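Chains, contacts and geometry: an overview
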Amino acid sequence: IAQSWMEASAFQHEHPKALVRLGNHALEKANAQVFTSDNESAASLVQKAMELYEKAGLKGSAEGWFNLGHLLWTGYPSGNEEANTNTNNNDGSMDNENDRATIILPDKTKALEIFRKAIDLGDYDAMYFVGVQELSSSSSTAIELIKKAADAN
């Protein structure tokens, strides 16, 4: 019954926290599908999670943007960066002859764009993460973001 209340909050009322929670739930279900080699179901669930996170972000959820950015940063499953045997499907998903579990390859440029949306909404985790990433470029913005995130805690 809790699931039905959550879905009503998310889909009927577009409550950002409910959208994020359902996105998290979709990813948990996707994890189970990947381990059973049901990659088609996993891909559908990951896409659903991404859509829910984006919708939550558009409704003002910094957590929605952060979760979407994290998913884009790591790819899905995380750390799966196969080279040369992947085929880009022009929708962000990948086919791989040797590893069908690769659903989304990391897109660090897009992830940083999304993390910046979380920062615009005051997300301190995103500030710290982006700040650390930008340290290698000696950016004064990086230090500002890290300080702001540290001051919040």
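What you see is a predicted model, and the numbers here were worked out from it, not measured in a lab.

Section: the environment of Asn31
On the secondary structure map, Asn31 appears in helix H2 (residues 16-35). Separated by 14 residues in the primary sequence, Asn31 and Leu45 place their C-alpha atoms 9.2 Å from one another. At 2.5 Å, the side chain of Asn31 forms a polar contact with the side chain of Tyr76.

Notes on the packing of aromatic side chains
Scanning the model with the defined rule gives four aromatic pairs in all. With a centroid separation of 5.3 Å and an interplanar angle of 50°, the aromatic rings of Phe66 and Phe115 are classed as tilted. Of the two residues, Phe66 is situated in helix H4 (residues 62-74) and Phe115 in helix H5 (residues 108-120); the sequence distance between them amounts to 49 residues. On the basis of relative accessible area, Phe66 is assigned to the buried category, the value being 18%. Residues Trp73 and Phe115 carry aromatic rings whose centres are separated by 6.5 Å and whose planes lie at 55° to one another, so their mutual orientation is tilted. Taken together, the residues span a long stretch of sequence, with Trp73 in helix H4 and Phe115 in helix H5 at a distance of 42 residues. Taken together, the ring pairs connect Phe66, Trp73, Phe115 and Phe129 into an aromatic cluster.

Some remarks on the environment of Ala30
Mapping Ala30 onto the fold places it in helix H2. Of the residues examined, Ala30 reaches a relative accessible area of 0% and is grouped as buried. Expressed as a C-alpha distance, the spacing of Ala30 and Tyr76, which sit 46 residues apart in the sequence, is 9.6 Å. In contact with Ala30, not counting residues within four places along its chain, are Ala42, Leu45, Val46 and Tyr76.

Concerning the confidence of the model for the chain
Residue-level pLDDT values for the chain average 80, and 73% of them are 70 or greater. Mean pLDDT values over the elements of the chain span from 45, in strand S2 (residues 94-96), up to 97, in H5. Contacts for the low-pLDDT stretch residues 80-87, under 50 throughout, to residues beyond four places or in other chains number 22 contacts.

Brief notes about the packing of helix H6 (residues 124-134) against helix H7 (residues 140-152)
Two elements in contact, H6 and H7, have axes separated by 8 Å at closest approach and are oriented at 150°. Here H6 runs over H7; the crossing is left-handed. Between H6 and H7, the contacting residues are Tyr124, Met127, Tyr128, Val130, Gly131, Val132 and Glu134 on the first element and Thr141, Ala142, Leu145, Ile146, Lys148, Ala149 and Ala152 on the second. Partitioned by chemical class, the residues of the contact of H6 with H7 number ten nonpolar, two polar and two charged.

Reading the values: rules and limits
- Residues numbered from 1 in each chain as written.
- Predicted model: local features only at pLDDT ≥ 70, side-chain atom pairs only at ≥ 80, totals over all residues.
- Heavy atoms only, no water.
- Helix = DSSP H or I, 4+ residues; strand = E, 2+ residues; numbered from the N terminus.
- Polar contact = N/O pair within 3.5 Å; in protein donor to acceptor, adjacent residues only side chain to side chain.
- Phe/Tyr/Trp six-rings, centres within 6.5 Å; stacked < 30°, edge-to-face > 60°.
- Buried < 20%, exposed > 50% of the residue type's maximum accessible area, 1.4 Å probe, protein only.
- Contact = heavy atoms within 4.5 Å.
- pLDDT = per-residue confidence, 0-100.
- Axes fitted to C-alpha atoms, helices over the stretch in contact; angles between N-to-C directions.
- Left-handed = near helix turned anticlockwise from the far one by under 90°.
- Nonpolar A, V, L, I, M, F, W, Y, C, P; charged D, E, K, R; others polar.

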